[in-house]
Amino acid sequence: MNSPVKQTSPVRRLIISEILIVVVLLLSAAVFGAMYAGKPEVEQKQTDAVRLNVDVFETQPIDFQELLTGFGTARADREVIVAAQVTGEIVEVHPQLKVGYAVTATNAVSSGDGPTENQDGDLLLRIDQRDFRERVDQASNRIEESRTEIAQLKVQKENVDRQLEKAASVLKTLKEEFDRIKKGVARKVSTPSELNRSLLEVQRYEDTIIQLESQAAALPHQIAAADQRLASSLSEKTRAENDLQRTEVRPPFNGVLSEVFVEQGRYVRAGEQLARLTDLTQVEVPISLSVDNFLQLDGDLAKGNRPAVTLAENETATPQWTGHVVRAAPEADPQSRTVQVFVEVSNAESGPPLLPGAFVHARIDGKTYESVVLVPREAIVNDSVYTVNDKGRATRKRIQPGRRLQSLVLVTEGLEPGEQVILTNLDIVQDGQEVVVQTSTGPLEEIDALRSPVL
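The notes below deal with the structure included here. These figures come from a predicted structure and were not determined experimentally. (Residues numbered from 1 in each chain as written. Predicted model: local features only at pLDDT ≥ 70, side-chain atom pairs only at ≥ 80, totals over all residues. Heavy atoms only, no water.)

**Some words on the overall build of the protein chain**
Across its full length, the protein chain holds 5 helices and 22 strands. Scaling as 2.2 N^0.38, a compact globule of 455 residues should have a C-alpha radius of gyration of about 23 Å, whereas the protein chain reaches 55 Å, well beyond that. Dimensions of the protein chain along its principal axes, counting C-alpha atoms only, are 210 × 95 × 60 Å. Per-residue burial for the protein chain yields a buried fraction of 32% across its 455 residues. For the protein chain, the exposed area adds up to about 29,300 Å²; of that, 49% sits on carbon and sulfur atoms. The positive charge centre, built from 51 side chains, and the negative charge centre, built from 67, are 8 Å apart in the protein chain. (Helix = DSSP H or I, 4+ residues; strand = E, 2+ residues; numbered from the N terminus. Rg over C-alpha atoms; globule rule 2.2 N^0.38 Å. Buried < 20%, exposed > 50% of the residue type's maximum accessible area, 1.4 Å probe, protein only. Areas by Shrake-Rupley, 256 points an atom, 1.4 Å probe, with all protein chains shown as cover. Lys, Arg positive; Asp, Glu negative; His and termini not counted. Charge placed at Lys NZ, Arg CZ, Asp CG, Glu CD.)

As structure tokens, this is what we get:
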């Protein structure tokens, strides 16, 4: 019989595994110790000081005039919507009543030694005149009627005055006759019947005088009323003639048609827009400036000066137009914190015209500086700069920065002419560190590199 296989207990297997792990760890430690003991010695070398390569800006005193810059949209100094002043049908239009055509207004023409005469401007359109001519004729007829009535009343007044004078003379005679008859009756020379007839005659003429006086008193009032009717008729005729004249629409000034809203045959009402007329001889450009820039101009404007302005299509383009600042807004815009100044450009001068609606960049003559020091803004860190001394080491200097001119800053204190201001590696440069100058630039190169001229 086969004898049974003897099985290893779990406790025994665990003990054997732990012994093997300890043996492996001891062997690894012995191998690491042998390798570390054979490592060569590390030679100690002295490290060289770090020398920074830097670009510098050499300060030089320069003279310059600041340019105040801004943007604006040109607009016509004179522009008007020509509207109908009367109601009616358009029966005639100008053959060139189209956008872009130039039209001429009524102008005074001097004929040498003779009197000045008005030369009619271009007729833009004509509204039907028949009703207005009829109104003028009716007013003229009423004027003639009133004048005839006044003349008749004046003749009548003259007649009444003569009749009144004659009646007063007759009445005087009749009263004398009555007194004579009365005395005759007292002396038994005349009869009472003659006295009565004389009395009746006196009374009749007295009534006649009363009637004539009443007529004479009423006639001035009738003449005054006729004069008022005449004045009303004259005024009505003037209005009718004005309306008749308004049926012919002419431009109020020389200009170019910008928009046309009507055509022949259309019925228009008073106040309805007919065309828009633009005068291109003079253009105005509102420019928004910061408050500090505006303060440079405010004094000149208050003295009546007109600072010069050059205008270009954009910041880098060559100026195409010239003008002058003529006025400024009385208050600043609270949202944009800017002040508007208004530049006037005359297109009558030589050069291409500046059209209304064009967006332009303006450069206005500002303050003039003499022998000042400028440095790039990038060189200033916490109101300090690093300069290169005569030993080739960086030196930190505190400065007093002044007005900022785009990428340049005006330095009022802390720098002398000829110093080299470090521009690069400002994040790692330290005071006293040795530096090597790679390139050097000056203020003229920085000014030439500006994208938009400010100097």
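**Focus on the sheet that holds strand S8 (residues 125-127)**
If you walk across this open sheet you meet the 4 strands as S9-S8-S4-S11, and the pairing is antiparallel. The sheet terminates laterally at strand S9 (248-249) and strand S11 (267-268), the two strands that pair on one side only. In the sheet, strand S4 (residues 88-93) pairs with S8 via 3 bridges, with the strands oriented antiparallel. Each residue of the ladder has a partner; that of isoleucine 90, found in S8, is isoleucine 127. (Pairing = 2+ DSSP bridges.)

**Looking at empty space enclosed by the protein**
The tally for this structure, following the rule as stated, stands at 1 cavity of 30 Å³ or more. For the largest cavity, the calculated volume is near 30 Å³. Lining the largest cavity are Val82, Leu97, Leu124, Leu125, Val249, Val260, Val262, Leu274 and Ala275. (1 Å grid on protein atoms, 1.4 Å probe; cavity = no way out; pocket = protein on both sides within 12 Å on 5 of 7 lines; lining within 4 Å. Points joined across faces, edges and corners; volume = space filled by probe spheres on them.)

**Some points on the pattern of salt bridges**
One pass over the structure, following the stated rule, counts 24 salt bridges. The partner of arginine 403 in a salt bridge is aspartate 292, and the shortest N-O contact between them spans 3.3 Å. On the criterion of sequence distance, the pair formed by arginine 403 in strand S19 (residues 400-405) and aspartate 292 in helix H4 (residues 291-302) is long-range, its members being 111 residues apart. We classify aspartate 292 as partly exposed; its relative accessible area is 41%. With its nearest N and O atoms 2.5 Å apart, the salt bridge here joins glutamate 419 to lysine 397. One end of the pair, glutamate 419, is in the loop between strand S20 (408-413) and strand S21 (420-422); the other, lysine 397, is in strand S18 (residues 394-398), and 22 residues separate them in sequence. In this structure glutamate 419 comes out as buried when scored by relative accessible area, which is 14%. Each of Glu92, Arg126, Glu248 and Arg250 takes part in a single network of salt bridges with overlapping partners. (Salt bridge = Lys/Arg side-chain N within 4 Å of Asp/Glu carboxyl O.)

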